[in-house]
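Observations on the model geometry
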Amino acid sequence: MESDPSGQLAWLVSELDAAEQAGENVYIIGHMAMGLDDALHDGSNYFNQIVDRYSATIAALFFATHMLTSSRSPIPTTPTLASATLSKSRISPLP
């Protein structure tokens, strides 16, 4: 399996690097939180490495949902980084 098939992680690194160089902070807003059991392992691992690397630039992470039946938020490995899941979980109709 390709680790970044659509180039989204490469794009994210490019944007975070530009923000870091400019001394800016960013918010990452997404549909599904990476780093949980219902995310693909490799993509989630690379995303977590990116978040750790740019933790001084990322102000917070916000996600809308995940596909498990319990409500929980990913826990950043960087203690100063805030992360939140904003809505109730739901069950996906996909197998």
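Residues numbered from 1 in each chain as written. Predicted model: local features only at pLDDT ≥ 70, side-chain atom pairs only at ≥ 80, totals over all residues. Heavy atoms only, no water.

Things to note about the packing of aromatic side chains
Within the structure shown, the criterion is met by one aromatic pair. Their ring planes at 45° and their centres at 6.0 Å tell us that Tyr27 and Phe62 sit as a pair that is tilted. With a gap of 35 residues between them, Tyr27 in strand E1 (residues 26-32) and Phe62 in strand E2 (residues 58-65) connect regions that are remote in the sequence. The ring centre of Tyr54 lies 4.2 Å from the NZ or CZ of Arg53, which sits over that ring. (Phe/Tyr/Trp six-rings, centres within 6.5 Å; stacked < 30°, edge-to-face > 60°. Helix = DSSP H or I, 4+ residues; strand = E, 2+ residues; numbered from the N terminus. Lys NZ or Arg CZ within 6 Å of the ring centre and 35° of its normal.)

Concerning the environment of Glu2
Structurally, Glu2 is set in the segment before helix H1 (8-22). Relative accessible area serves as the criterion here: at 52%, Glu2 is assigned to the exposed category. Expressed as a C-alpha distance, the spacing of Glu2 and Gly43, which sit 41 residues apart in the sequence, is 9.1 Å. (Buried < 20%, exposed > 50% of the residue type's maximum accessible area, 1.4 Å probe, protein only.)

Here's the deal with the nonpolar core
Core analysis: the biggest nonpolar cluster contains 12 residues, these being Leu9, Leu12, Leu16, Ile28, Ala33, Phe47, Ile50, Val51, Tyr54, Ile58, Leu61 and Phe63. Only H1, helix H2 (41-53) and E2 provide two or more residues apiece to this core. (Core = buried A, V, L, I, M, F, W, Y, C linked by side-chain atoms within 4.5 Å.)

A closer look at the confidence of the model for the chain
Close reading of the predicted structure is inappropriate where its pLDDT is low. Taken as a whole, the chain shows an average pLDDT of 75; of its residues, 61% reach a score of 70 or greater. Model confidence for the chain, summarised as mean pLDDT per element, is weakest for strand E3 (residues 82-85) at 56 and strongest for H1 at 96. Across residues 69-75, where pLDDT falls below 50, the model places 20 contacts with residues more than four positions away in sequence or in other chains. (pLDDT = per-residue confidence, 0-100. Contact = heavy atoms within 4.5 Å.)

Let's talk about the pattern of salt bridges
The tally for this structure, following the rule as stated, stands at one salt bridge. Glu20 serves as the salt-bridge partner of Arg53, at 2.8 Å between the closest nitrogen and oxygen. With Arg53 in helix H2 and Glu20 in helix H1, the pair connects residues that are 33 residues apart, well separated along the chain. (Salt bridge = Lys/Arg side-chain N within 4 Å of Asp/Glu carboxyl O.)

Notes on the environment of Ala33
Relative to the helices and strands, Ala33 resides in the loop between E1 and H2. Placed 28 residues apart in sequence, Ala33 and Leu61 show a C-alpha to C-alpha distance of 8.7 Å.

A word on H2
Between the first and last C-alpha of H2 there are 18 Å, a value that for 13 residues agrees with the 18 Å anticipated at 1.5 Å per step. Burial in H2 covers these residues: Gly43, Ser44, Phe47, Ile50 and Val51. Down the axis of H2, the smallest arc covering the buried residues is 120°, so these residues share one side. (Expected span 1.5 Å × (residues − 1). Arc of directions from axis to C-beta.)

Concerning H1
For H1, spanning 15 residues, the distance from its first C-alpha to its last is 21 Å, which sits close to the expected 21 Å at 1.5 Å a residue. Along H1, the positions that sit buried rather than exposed are Leu9, Leu12, Leu16 and Ala19. The arc that holds every buried residue of H1, seen down its axis, measures 85°, which confines them to one face. Exposed residues on H1 whose side chains face more than 90 degrees from its buried face are Trp11, Gln21 and Ala22. The first or second residue beyond H1 is Gly23, which carries a positive phi of 75°.

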